[in-house]
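# Analysis of the macromolecular model
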2 protein chains.
Amino acid sequence: MKLLEAKQQFISNWGAFGTHWGINRTMAQIHALLLVSPDPLTQDDIMEELDISRGNVNMNIRELINWGLVDRVVVTGERKEFFLAEKDIWKVVKQIVKERKKRELEPMLQLLDKLENVEGDKKEKNVRAFVDAVIGIKKLGRQADKTLDTMIKAEESWFIGALMKIFK
Amino acid sequence: MKLLEAKQQFISNWGAFGTHWGINRTMAQIHALLLVSPDPLTQDDIMEELDISRGNVNMNIRELINWGLVDRVVVTGERKEFFLAEKDIWKVVKQIVKERKKRELEPMLQLLDKLENVEGDKKEKNVRAFVDAVIGIKKLGRQADKTLDTMIKAEESWFIGALMKIFK
DNA sequence: CAAGGTTTTCAGAATTTTTTGAAAATTAAA
DNA sequence: TTTAATTTTCAAAAAATTCTGAAAACCTTG
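All residue numbers refer to positions counted from 1 along the written sequence of the respective chain. Think of it this way: whatever chain is written first is A, whatever ligand is written first is 1, and the rest follow in order. Local features in this predicted model are restricted to residues whose pLDDT is 70 or higher, and side-chain atom pairs enter the listing and the counts only when it is 80 or higher, whereas totals over whole chains, interfaces and linings include all residues.

### So, the overall build of chain A
Along its length, chain A carries seven helices and two strands. Only DSSP runs of H or I reaching four residues or more are called helices, and only runs of E reaching two or more are called strands; each is numbered from the N terminus. The secondary structure elements of chain A, listed N-terminal to C-terminal, are α-α-α-α-β-β-α-α-α. The C-alpha radius of gyration of chain A comes to 21 Å, more than 25% above the 15 Å expected for a compact globule of 168 residues. Across the 168 residues in chain A, those meeting the buried criterion constitute 23%. Radius of gyration: C-alpha atoms only; globule rule: 2.2 Å multiplied by the number of residues to the exponent 0.38. Exposure in this text rests on C-beta crowding, where 20 or more other C-beta atoms within 10 Å of a residue's own make it buried, 12 or fewer make it exposed, and counts in between make it partly exposed. The C-beta atoms are placed from the backbone.

So, in structure tokens, the structure goes:
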């Protein structure tokens with residue numbers, strides 16, 4: 001397979017993969033393109049490679065920057081802005097975990113804290129089932145939260161090494 | 001807060017949460033409803049509680065069954081079918097991990113295996129960047145795959161205990 | 001096997017999400 | 001400051017996804 005075709009396939013599949021994880025297809029594709037591009041690209045480069053509009057590139061690039069996955073870089077002598085993706089995939093994963101934890105897991109845990117204190121007779125079947133579900137999710141959620149915190153701080157080699165040891 | 005309101009909030013937030021993870025809002029809401037319902041519910045119960053159509057309930061319930069998160073149960077003396085969700089949240093998580101691994105991670109790894117063998121001069125910058133990205137993702141992906149396999153087999157208490165030990 | 005209850009299907013409608021593209025804003029050079 | 005290149009914005013259009021509801025299929029029972 002030629003590079004061009006392989007690249008197409010990679011980008012297209014990364015996009016489809018993204019949609020299964022609540023990530024906009026184009027954003028994932030732009031990310032894929034930047035991941036395999038050794039040099040920084042401009043908005044025009046991305047427009048051309050993916051055949052999408054300027055506005056679309058602009059919005060999704062901004063989003064990727066918000067997620068901390070892509071940086072704006074200045075190329076001396078060039079007027080245009082260039083964009084470069086973090087290439088270390090372990091750093092990428094840690095960054096995504098960090099963001100999703102903050103955006104989703106933490107607010108969910110706050111909600112569950114509130115919902116656990118529902119009024120009513122804890123002996124009543126429906127109240128009991130509700131509280132039990134909330135407590136169960138909260139417990140696992142808190143555990144995940146702690147574990148992910150540690151993971152975010154961890155070095156790849158250390159982390160994998162440690163996992164290998166437990167999961168022999 | 002009264003049970004009814006708490007339940008509403010839980011269902012609505014679980015639905016929103018789902019959409020961030022590529023899960024259809026209604027499917028997540030039905031799951032939430034079943035999670036907090038001590039007794040099995042019928043399609044009609046779900047239609048009424050969530051105010052959605054029969055077809056919608058039917059399709060999403062089927063999907064939840066495919067995911068292994070909900071079971072059909074027979075209630076003696078009743079003609080209608082009843083649905084019951086797995087309540088043990090650790091089992092739920094393991095089941096979701098198992099399914100997503102099979103549906104998403106494994107196919108992605110297969111693709112990467114294929115793409116790694118791209119033709120062309122490995123010294124050329126663009127080929128090099130592509131292959132490096134693919135290899136990097138594959139390496140981490142394989143590691144994740146193994147780790148998740150072990151997790152799927154693990155007991156909750158053992159798993160959490162072991163994690164606590166490493167991540168002191 | 002007829003009747004009535006229940007579940008499933010799926011084409012079209014409704015809704016939500018994404019994309020476009022042109023105008024406005026911003027920035028850097030002249 | 002003016003001009004021109006570049007980026008950003010966002011209303012409207014397009015596309016994708018989800019939902020409805022009625023008809024068909026499927027049971028179960030008498």
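There's plenty left to go through after this.
### Observations concerning the protein's contact with DNA strand C
Near DNA strand C there are 19 residues, and of these S53(A), G55(A), N56(A), G55(B) and E81(B) occur at the shortest range. Elements represented by at least two residues in the surface near DNA strand C include exactly α2 (25-35) and α4 (54-66) of chain A together with α4 (54-66) of chain B. Per element, the largest residue contribution to the surface near DNA strand C is four residues, and it comes from α4(B). Taken together, the residues of the surface near DNA strand C break down into two nonpolar, ten polar and seven charged. A residue counts as near a molecule or strand when its C-beta atom, positioned from the backbone, falls within 6 Å of it. All amino acids are sorted into three groups, where Ala, Val, Leu, Ile, Met, Phe, Trp, Tyr, Cys and Pro are nonpolar, Asp, Glu, Lys and Arg are charged, and the leftover types, Gly among them, are polar.

### Side note on the environment of V127(B)
Here V127(B) is to be found in helix α6 (residues 125-153). Residue V127(B) is classed as partly exposed on the basis of its C-beta count, with 18 C-beta atoms lying within 10 Å. Not counting the four nearest positions on each side in its chain, V127(B) is found in contact with L3(A), V118(B), G120(B), D121(B) and K122(B). A pair of residues counts as a contact when their C-beta atoms, built from backbone coordinates, are separated by no more than 7 Å.

### Overview of the packing of helix α6 (residues 125-153) of chain A against helix α5 (residues 89-116) of chain B
An axis is simply a line fitted to the C-alpha atoms; with a helix, the fit covers only the stretch in contact. Between two such axes, the angle follows the N-to-C directions and lies from 0 to 180 degrees. Packing of α6(A) against α5(B) leaves a shortest axis separation of 9 Å and a crossing angle of 60 degrees. As summarised for this structure, α6(A) and α5(B) are arranged oblique, according to the angle between their axes. Between α6(A), through G136(A), I137(A) and L140(A), and α5(B), the contact on the second element is made entirely by I89(B), W90(B) and V93(B). Across the contact of α6(A) with α5(B), the residue classes break down as five nonpolar, one polar and no charged. Should an angle fall under 35 degrees it is taken as roughly parallel, and over 145 as roughly antiparallel, whereas 65 to 115 is taken as roughly perpendicular and any remaining angle as oblique.

### Re the interface of chain B and chain A
Often, the extent of an interface is quoted as the loss of accessible area upon association of its parts. Chain B puts 45 residues into the contact, and the matching count from chain A is 45 residues. Those elements that place two or more of their residues in the side of chain B that touches chain A are α1 (3-19), α5, α6 and α7 (156-166) of chain B. If one sorts the elements of the side of chain B that touches chain A by residue count, α6(B) sits on top with twelve residues. Classifying every residue of the side of chain B that touches chain A by side-chain character gives 27 nonpolar, twelve polar and six charged.

### Quick look at the relation of the copies chain B and chain A
All copies are superposed by least squares; the fitting set is the C-alpha atoms of residues with a pLDDT of at least 70 in both. When chain B is brought onto chain A, the operation consists of a screw motion whose angular component is 180 degrees and whose axial shift is 0.0 Å, with 0.0 Å RMSD remaining. Such a combination of rotation and displacement between the chain copies is what one expects of a two-fold axis. Counting the interface residues of chain B, we find that 100% of their copies in chain A are interface residues as well, pointing to one common contact surface.

### Remarks on the protein's contact with DNA strand D
Near DNA strand D there are 19 residues, and of these G55(A), E81(A), S53(B), G55(B) and N56(B) occur at the shortest range. No other element matches the four residues that α4(A) contributes to the surface near DNA strand D. Considered class by class, the residues forming the surface near DNA strand D number two nonpolar, ten polar and seven charged.

### A short note on the pairing of strand β2 (residues 82-85) of chain A
Residue and element names in this part refer to chain A. Residues of β2 alternate between two faces, with F83 and A85 buried on one and F82 and L84 left unburied on the opposite face. For two strands to be treated as a pair, DSSP must find at least two bridges joining them. As paired elements, strand β1 (residues 70-73) and β2 share four bridges and run antiparallel to each other. Bridged to V73 within β2 is F82.

### Brief notes about helix α1 (residues 3-19) of chain A
Every α-helical turn comprises 3.6 residues, leaving residues that sit three or four positions apart pointing alike. The length a helix should cover is 1.5 Å for every residue beyond the first. Taking 1.5 Å per residue as the helical rise, α1(A) with its 17 residues ought to reach 24 Å, and the 24 Å between its terminal C-alpha atoms agrees with that figure. Looking at α1(A), one finds that the buried residues are A6(A), K7(A), F10(A), I11(A), W14(A) and G15(A). Down the axis of α1(A), the buried set is contained in an arc of 165 degrees. They therefore lie on one face. Looking at the buried residues of α1(A), the elements they touch are α2 of chain A together with α5 and α6 of chain B. Directions from the helix axis toward the C-beta atoms define the arc.

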